[in-house]
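Here are the chains, one letter per residue:
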Amino acid sequence: MKGLIERDRGLLWHPYAALDGPAPYAVRSASGTRLQLESVEGSRFDVLDAMSSWWCAIHGYRHPALDAAVHEQVDRFSHVMFGGLTHEPAICLAEDLVALAPGPLQHVFLADSGSVAVEVALKLAVQFQAATGHPRRRRFVALRGGYHGDTTGAMSVCDPVDGMHALFPGLVADQLFLPRPPAARTIDGDIADSTNSGTDSGTDIDGWVAEAERLVAAHAPTVAAIIVEPVLQGAGGMHVYPPGCLRALRRIAEHHGIMLIADEIATGFGRTGRPFAVDHAGVAPDILCVGKALTGGYLTLAAVLCTAAVGRAITTSPHRALLHGPTFMGNPLACAVASASVALLPGYADRVTVIGRELAAALAPATGLASVRDVRVLGGVGVVQLTGPVDVPAVTRAALDRGVWIRPFRDLVYTMPPFVCGTDEITAIATAITGAVAQVHG
Ligand code: PMP
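Predicted, not measured: the structure shown is a model, and the values here were computed from it.

*Asks:* A description of the site of the ligand should follow, citing residues and the corresponding values.
*Replies:* If you check the shell around the ligand, you find Trp55, Ser113, Gly114, Ser115, Tyr147, His148, Gly149, Glu229, Asp263, Ile265, Ala266 and Lys292 and nothing else. Within the side chain of serine 115, an N or O atom sits 2.6 Å from an oxygen atom of the ligand. When the ligand sits alone it has 400 Å² of accessible area, and the protein chains cover 81% of it. Its residues assigned to classes, the shell around the ligand shows four nonpolar, five polar and three charged.

Below is the structure:
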């Protein structure tokens, strides 16, 4: 295995990492909630996966039902083109998603990754506006601190500073940004419709809503949609904001004839303690993006759902079609395992809420550390925010020595554990995070 890491070095790009950056750990095997890892020095670790492989592997690794779904589909056919052809796995999955979706979302586009789903959602909104007599409505309103993916359309609606827009002049479109919504108070792993005075939220809900009303009203004739990660901004800072802000955006969008796009790629399928994060606010989007946990982390797949009104407008427009169609659209293996994953979701109906309570209790001691600025938990998302940047290699190693795999970023040490984790495992993850932070940062 040591040889593997050496062969990787300088050959493979890793996410947001230099070719000569810190050595990765090699995965020897993965099963249930555990990963077997080896370091470049040859140390072996049998650890709990506190990341669900970037929030995807909600059922853990090598789940029998998911393994079986892939095997069965491999024995039928692994891939066929989706142009002019269809198949049972795609149809079944689309039916499942429409049944599960928040609000009356009726049409499904199967994309190959979260970023591509966001591209499709943006195009859907622009095509809808053009089809309904608003061809000038081509821009987007997004939130500061948001993250929607790494392709150029998605990048344009990411936070312009974090997303390093300045590096790609002419490539990344110029969009409109609302300030980051104020931080919400979280209690026992659930969200309150009030702000958290302990963080730098800066503004109150009413002030933020007034700013949203002003910005959208000023630009409405050129805006196709508002795009948000509902209630929890993930990769942009694990920031929880009040459902009231989302309700206000729904109302503002409605008022101006603008689409509301909910990017639930990170939050969908129960991660925040509700089936979808929009459920915290009781609102439905016009367009919904899901991905990540869609296949239980087995294969890359995302989906974009839209209302009948959007579908009708595009179908009756001169182009008639949604202008997108990737090679691996509706990949049968991915669809089959996604349906198997979705079928397991009712089993976690209350479990994520309980995980939230368990995480909140077990992470509470971290609030007493000098290096910790804030601790917050929303459903299956536990966040320890430091007062400065995390020493990522050192904290990662300190957590591994405590039996847990984490991947901190910026000033954040966090967990999004698999939903199959038991109480003891949740406690072990929280204890390891607190211990690792205390050891490295004090
Ligand atoms: N939107 C959100 C909210 C995400 O968290 C991510 C991935 N972290 C994406 C979009 C992009 O998804 P992908 O990495 O599958 O392209």
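Now that the structure is up, let's keep going.
*Asks:* Go over the side chain of serine 115, please, and point to the residues and values.
*Replies:* On the secondary structure map, serine 115 appears in helix α5 (residues 114-131). Given a relative accessible area of 15%, serine 115 falls into the buried group. Look past the residues within four positions of serine 115 in its chain and what remains in contact with it is His148, Gly149, Asp150, Thr151 and Ala154.

*Asks:* For the packing of aromatic side chains, give the residues involved together with the corresponding values.
*Replies:* Under the defined criterion, the tally for this structure stands at six aromatic pairs. Ring centres of tyrosine 25 and tryptophan 405 lie 6.1 Å apart, and the angle between their planes is 75°; on these two criteria the pair is classed as edge-to-face. On the criterion of sequence distance, the pair formed by tyrosine 25 in the loop between α1 (2-8) and β1 (26-31) and tryptophan 405 in strand β17 (residues 404-405) is long-range, its members being 380 residues apart. Judged by its relative accessible area of 22%, tyrosine 25 is partly exposed. Each ring, one from phenylalanine 409 and one from tyrosine 414, has its centre 5.7 Å from the other, and the planes form 85°; the classification is edge-to-face. Residue tyrosine 414 is classed as buried on the basis of its relative accessible area of 1%. The rings of Tyr25, Phe45 and Trp405 are connected pair by pair, giving a single aromatic cluster. In this structure, lysine 292 packs its charged tip against the face of tryptophan 55, placed 4.4 Å from the ring centre.

*Asks:* Before we move on, could you go through the pairing of strand β14 (residues 302-307) and cite the residues and values that matter?
*Replies:* Counting buried positions over the six residues of β14 gives six, a clear majority of the element. Side chains of β14 alternate between two faces, with Ala302, Val304 and Cys306 and Ala303, Leu305 and Thr307 buried alike. By the bridge criterion, six bridges tie strand β4 (residues 105-111) to β14 in an arrangement that is antiparallel. Looking across to β14, one finds that alanine 111 is bridged to alanine 302. Summarising the sheet, strand β13 (residues 287-290) and β14 pair through four bridges and their orientation is antiparallel. Residue pairing for β14: isoleucine 287 is matched across the bridge by cysteine 306.

*Asks:* How would you summarise the sheet that holds strand β15 (residues 372-378) if you had to cite specific residues and measurements?
*Replies:* Spatial strand order, β15-β16-β18: three strands in an open sheet with antiparallel pairing. Lying at the two open borders of the sheet, with one neighbouring strand each, are β15 and β18 (412-415). When strand polarity is set aside, the average angle formed by the axes of neighbouring strands in this sheet is 10°. When β15 meets strand β16 (residues 381-386), the two strands line up antiparallel, connected through six bridges. Each residue of the ladder has a partner; that of leucine 378, found in β16, is valine 381. Strands in contact with helix α13 (residues 423-441) are β15, β16 and β18; relative to β18, the strand with the most contacts, it is inclined by about 165°.

*Asks:* So, the nonpolar core: which residues are in play, and what are the values?
*Replies:* Generally speaking, nonpolar side chains in soluble globular proteins are found buried as a group. By size, the foremost hydrophobic cluster in this structure holds 106 residues, and its most contacted members are Ile226, Met238, Leu249, Phe269 and Ile406. For this core, the leading source of residues is α13, giving seven residues. When sequence neighbours within four positions are dropped, the list of residues in contact with isoleucine 226 reads Val141, Val216, Leu249, Ala253, Ile258, Met259, Leu260 and Ile261. Counting 31 residues, the second largest nonpolar core, distinct from the first, contains Val120, Phe128, Ala225 and Val304.

*Asks:* So what's going on with the sheet that holds β4? Which residues, and what values?
*Replies:* With respect to topology, seven strands assemble into an open sheet ordered β4-β14-β13-β12-β9-β5-β6, the strand pairing being mixed. Pairing within the sheet leaves two strands with one partner each, and these edge strands are β4 and β6 (176-178). When strand polarity is set aside, the average angle formed by the axes of neighbouring strands in this sheet is 20°. Here helix α7 (residues 205-219) sits on the sheet and contacts β5 (139-143), β6 and β9 (223-228); the angle it forms with β6, its principal contact strand, is near 165°.

*Asks:* Hey, could you go over the pairing of strand β8 (residues 190-195) for me, with residue numbers and the actual values?
*Replies:* Of the strand pairs in this sheet, strand β7 (residues 184-187) and β8 are connected by three bridges, and their pairing is antiparallel. Each residue of the ladder has a partner; that of threonine 186, found in β8, is isoleucine 191. Where β7 folds back onto β8 in an antiparallel hairpin, the turn is made up of two residues, including aspartate 188, whose phi is positive at roughly 55°.

Conventions and cut-offs
- Here the residue numbering is sequential within each chain, running from 1 through the sequence in written order.
- At least 70 in pLDDT is required for a residue's local features to be given in this predicted model, at least 80 for side-chain atom pairs to be given and counted, and no such filter applies to totals for whole chains, interfaces and linings, which use all residues.
- Note: side-chain values were computed over all heavy atoms of the structure, leaving out hydrogens and water.
- It suffices for a single heavy atom of a residue to lie within 4 Å of a molecule or strand for the residue to be listed as near it.
- In the analysis that follows, any N or O atom pair within 3.5 Å is treated as a polar contact, provided that within protein one partner can donate a hydrogen and the other can accept it, and provided that, for residues neighboring in sequence, both atoms belong to side chains.
- The Shrake-Rupley method, run with a 1.4 Å probe sphere, supplies the accessible areas, and residue values consider only the shown protein chains as cover.
- Note on residue classes: Ala, Val, Leu, Ile, Met, Phe, Trp, Tyr, Cys and Pro are nonpolar, Asp, Glu, Lys and Arg are charged, and everything else, Gly too, is polar.
- Secondary structure follows DSSP: runs of H or I at least 4 residues long count as helices, runs of E at least 2 residues long count as strands, and numbering of each begins at the N terminus.
- Between buried and exposed lies partly exposed: a residue is buried under 20% and exposed over 50% of the maximum accessible area for its type, with that area taken using a 1.4 Å probe on protein chains only.
- The criterion used for residue contact is that any of the two residues' heavy atoms lie within 4.5 Å.
- Ring geometry is summarised as follows: Phe, Tyr and Trp rings, the Trp one being its six-membered ring, pair when their centres sit within 6.5 Å, and such pairs are stacked at plane angles under 30 degrees, edge-to-face over 60 and tilted between the two.
- A ring is considered to have a charge above it if a Lys NZ or an Arg CZ atom is located within 6 Å of its centre and within 35 degrees of its normal.
- One requirement defines pairing of two strands: DSSP has to find at least two bridges between them.
- Helix axes use the C-alpha atoms of the stretch in contact, all axes being lines fitted to C-alpha atoms, and the angles between their N-to-C directions lie in the range 0 to 180 degrees.
- Here the nonpolar core consists of buried residues drawn from Ala, Val, Leu, Ile, Met, Phe, Trp, Tyr and Cys, with membership extended through side-chain atoms lying within 4.5 Å.

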